[in-house]
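A structural walkthrough
Here is what each chain is made of, one letter per residue.
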Amino acid sequence: QVRLVESGGGLVQAGGSLTLSCAASATKLTIDRMGWHRQAPGRQREFLGAITRRGSTNYADFVRGRFTISRAGAENSIYLQMNNLLPAVIACYYCSAGRFLPDEEYWGQGTQVTVSY
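Residues numbered from 1 in each chain as written. Predicted model: local features only at pLDDT ≥ 70, side-chain atom pairs only at ≥ 80, totals over all residues. Heavy atoms only, no water.

1. What about the packing of aromatic side chains?
All told, the structure shown has 0 aromatic pairs when counted by the stated rule. Seen from the ring of Tyr94, Arg45 lies directly overhead, with NZ or CZ sitting 3.8 Å from the centre. One cation-aromatic arrangement involves Arg45 over Trp107; the distance from NZ or CZ to the ring centre is 4.5 Å. (Phe/Tyr/Trp six-rings, centres within 6.5 Å; stacked < 30°, edge-to-face > 60°. Lys NZ or Arg CZ within 6 Å of the ring centre and 35° of its normal.)

Right, dumping it as structure tokens:
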């Protein structure tokens, strides 16, 4: 099984930056990819970006150039660097860890981010 823990959420002003962290612990399996998603109240969860074991990244169009996913020092740990945050955004940010075969996805509990005016 996989356990994920996110951290780093909080209150930030519009235009500011915030970095989230995620650490995954996996028992008897290999994590192929890790990603970030967010869900605002009343809205569906949306994909932000992901990074594979080989370091390849991809991002949603609306965050490309503002958000960066990178590896942390520990295995199965990543960051989400968010710059130029848009105002009045309140969302829970979730970290995910996945496998390609079989296609499985595991989720953390999320960390809340509020962007004020």
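2. So, the state of the cysteines
Within this structure, the stated rule accounts for 1 disulfide. Covalently, Cys22 is tied to Cys95 through a disulfide, its sulfur atoms 2.0 Å apart. Measuring handedness by torsion sign, the sulfur bridge of Cys22 and Cys95 sits at about -85° and is left-handed. One end of the pair, Cys22, is in strand S3 (residues 18–26); the other, Cys95, is in strand S9 (residues 89–99), with 73 residues separating them in the sequence. Here Cys95 falls in the buried class, since its relative accessible area comes to 0%. With no disulfide of its own, Cys92 lies closest to Cys95 among cysteine sulfurs, the gap being 12 Å. (Disulfide = S-S within 2.5 Å. Helix = DSSP H or I, 4+ residues; strand = E, 2+ residues; numbered from the N terminus. Buried < 20%, exposed > 50% of the residue type's maximum accessible area, 1.4 Å probe, protein only.)

3. Brief notes about the pattern of salt bridges
Enumeration over the complete set of coordinates arrives at 5 salt bridges. The shortest N-O distance in the salt bridge between Asp61 and Arg64 comes to 2.6 Å. Judged by relative accessible area, which is 47%, Arg64 ranks as partly exposed. Residue Glu104 pairs with Arg99 through a salt bridge whose shortest N-O separation is 3.2 Å. When salt bridges that share partners are traced, they join Arg33, Asp103 and Glu105 into one network. (Salt bridge = Lys/Arg side-chain N within 4 Å of Asp/Glu carboxyl O.)

4. Regarding the sheet that holds strand S7 (residues 67–71)
With antiparallel pairing, the 4 strands of this open sheet are ordered in space as S1-S3-S8-S7. Two strands lie at the open edges of the sheet, namely strand S1 (2–7) and S7, each paired on one side alone. Going across the sheet, the axis of each strand differs from the next one's by a mean of 20°, ignoring polarity. (Pairing = 2+ DSSP bridges. Axes fitted to C-alpha atoms, helices over the stretch in contact; angles between N-to-C directions.)

5. Quick look at the pairing of S3
Here S1 runs beside S3; their pairing, made up of 6 bridges, is antiparallel. Note that in S3 the partner of Ser7 across the bridge is Ser21. Across 6 bridges, S3 lies against strand S8 (residues 77–82) in antiparallel orientation. In the sheet register, Thr19 faces S8, and the bridge partner there is Gln81.

6. Quick look at the nonpolar core
Formed by 29 residues in total, the largest nonpolar core has its most connected members in Leu4, Met34, Trp36, Leu80 and Met82. Contributions of two or more residues to this core are made by S1, S3, strand S4 (33–39), strand S5 (46–52), S7, S8, S9 and strand S11 (111–116). Not counting the four nearest positions on each side in its chain, Met34 is found in contact with Leu4, Cys22, Ala24, Ala50, Ile51, Asn76, Ser77, Ile78, Cys95, Ser96 and Ala97. (Core = buried A, V, L, I, M, F, W, Y, C linked by side-chain atoms within 4.5 Å. Contact = heavy atoms within 4.5 Å.)

Everything listed is a geometric property; what it means functionally is a separate question.
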